[in-house]
Structures are given as C-alpha cells and as structure tokens.
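# A look at the structure
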Amino acid sequence: SSAEIEIIYSLKSELEDVGFDFDEFTKESITIKGIPISIPESKITSVLEELLESVNLDVPELNYNHFDNMIASFSKSLAIKTGTYLSQKEQESLVNRLFSCKEPSISPSGKTTFKTMTLNEIDQFFAR
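Residue positions are given per chain, counting from 1 as you read along its sequence in written order. Given that the model is predicted, a residue must reach a pLDDT of at least 70 before its local features are reported, and side-chain atom pairs must reach 80 or more before they are shown or counted; all residues, however, enter totals for whole chains, interfaces and linings. Excluding hydrogens and water, the side-chain values take into account all heavy atoms of the structure.

With that settled, the discussion passes to the overall build of the chain. Here a strand is any run of E in DSSP of at least two residues, a helix any run of H or I of at least four, and the numbering for each starts at the N terminus. Secondary structure summary: the chain contains six helices and two strands in total. Starting at the N terminus and ending at the C terminus, the chain contains elements arranged as α-α-β-β-α-α-α-α. Buried residues are those whose accessible area, probed at 1.4 Å on protein chains only, stays under 20% of the maximum for their type, while exposed residues exceed 50% and partly exposed ones sit between those limits. Buried positions account for 20% of the 128 residues belonging to the chain. A separation of at least 24 residues holds for 42% of the contacts in the chain among residues at least 6 apart in sequence. Summed over all atoms, the accessible surface of the chain reaches about 9600 Å², with 53% contributed by carbon and sulfur. A contact between two residues is defined here by any heavy atoms of the two lying within 4.5 Å. Only the protein chains shown count as cover for residues, and all accessible areas are computed by the Shrake-Rupley method using a 1.4 Å probe.

What follows is the structure, encoded as structure tokens:
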C-alpha cells in the first residue's frame, strides 16, 4: 500500500545502512536494486512485511533505538527454525555470533536465550 511504501521510504537511510539499495520509490511501488548479503532473495518480502508489522505496532522493544528495533525485526524473520539441521561449524558460528551481540542473553522478542546453571542446580533439576 502507499502507506507501507511511505514507511519504508522513511526507513530508507537505515535500510541502506544494513545493505539495501533502492532504485526508485513511487506511490505504487519500490524498486530494490540490492539486498543485504545475509538475507536470501526468497525472504525479502517476508522480512519487509515483518518490519512493517513491527513499525505499525509501534511497540519499542526493550531499550533499543530505532535501528536496533529494525535489526531485531530482521533477526526474528530470518531466525533458524526448529528442526533445521546445522553442521558443527554452523553451530559454533551461531554461538560465536550470539555472544558477539549487544545483548546475547535476550532474544529480539525479549525472551531469555540461555541460562547458566551450576552443577548443583542441574542435579536438583533432574532429581525432581
């Protein structure tokens, strides 16, 4: 819709910062010349739709700035789905990238991503 195109246009600078390259904006369409390397072409529509949805909800996620909220939206739509097989190398890369994040212990939706437990806590957990 034209309202959605206006929203994307208002985010144009931030979208270009993450790797989008736009050719043309009209009231009826957007022409995208380039996409971020981390986003498969087949997922562009869903990534932009989810971004529009998060902007329309206008719910600030945690204490992140506007750019961080956009990245959180991308992360959510590009997340590896349950049941997806990952090689050992992919798993290690995923963990390394998690711990290089600004907030590795919290997901883009505010959920805890991991919990550190002592051996005693593990024993108590399985003793139930």
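Any aromatic ring pair is given by two values, namely how distant the centres are and how the planes are angled relative to each other. Pairs were defined over the aromatic rings of Phe, Tyr and Trp, the Trp ring being its six-membered one, requiring ring centres within 6.5 Å. Orientation was assigned from the angle between planes: stacked under 30 degrees, edge-to-face over 60, tilted for the rest. Within this structure, the stated rule accounts for five aromatic pairs. A ring pair is formed by Phe-20 and Phe-22, whose centres lie 6.0 Å apart and whose planes are at 10°; its orientation type is stacked. The same class applies to Phe-20 and to Phe-22, which are both buried. Here Phe-99 and Phe-114 contribute two aromatic rings whose centre-to-centre distance is 5.2 Å and whose plane-to-plane angle is 55°, an arrangement assigned as tilted. Residue Phe-99 is located in helix α5 (residues 88-99), and its partner Phe-114 is located in the loop between α5 and α6 (119-126); the two are separated by 15 residues in the primary sequence. With relative accessibility at 31%, the residue Phe-114 sits in the partly exposed group. Of the aromatic side chains, those joined through ring pairs into one cluster are Tyr-9, Phe-20, Phe-22 and Phe-25.

What we call a nonpolar core is a set of buried Ala, Val, Leu, Ile, Met, Phe, Trp, Tyr and Cys residues that are connected through their side-chain atoms within 4.5 Å. Core analysis: the largest hydrophobic core is formed by 14 residues, its most contacted members being Leu-15, Phe-20, Leu-51 and Phe-74. At the level of secondary structure, the elements contributing two or more residues to this core comprise α1 (2-10), α3 (44-57) and α4 (66-77). With five residues, α3 is the largest single contributor of residues to this core. Ignoring sequence-local partners within four residues, the contact set of Phe-20 consists of Leu-15, Ile-32, Gly-34, Ile-35, Pro-36, Ile-39, Ile-44, Leu-48 and Phe-74.

Within α1, the full set of buried residues consists of Ile-5, Ile-7 and Ile-8. The arc enclosing the buried residues of α1, seen along the axis, measures out at 160°, which places them on a common side. Residues Glu-6, Tyr-9 and Ser-10 are exposed on α1 and point more than 90 degrees away from its buried face. This arc is taken over the directions from the axis of the helix to the C-beta atoms.

pLDDT expresses how confident the predictor is about each individual residue, on a scale running from 0 to 100. Mean pLDDT over the chain stands at 81; residues scoring 70 or higher make up 88%. Of all secondary-structure elements in the chain, the lowest mean pLDDT belongs to α4, at 70, while α6 reaches the highest, 91.

Attention shifts here to the pairing of strand β2 (residues 30-34). One face of the sheet, then the other: side chains in a regular strand alternate in exactly this way. Note: two strands are recorded as paired if DSSP finds a minimum of 2 bridges between them. Relative to β2, strand β1 (residues 21-25) is paired through four bridges, and the arrangement is antiparallel. Each bridged residue has a counterpart across the sheet, and for Phe-25 the counterpart in β2 is Ile-30. Linking β1 back to β2 in an antiparallel pair, the connection comprises four residues.

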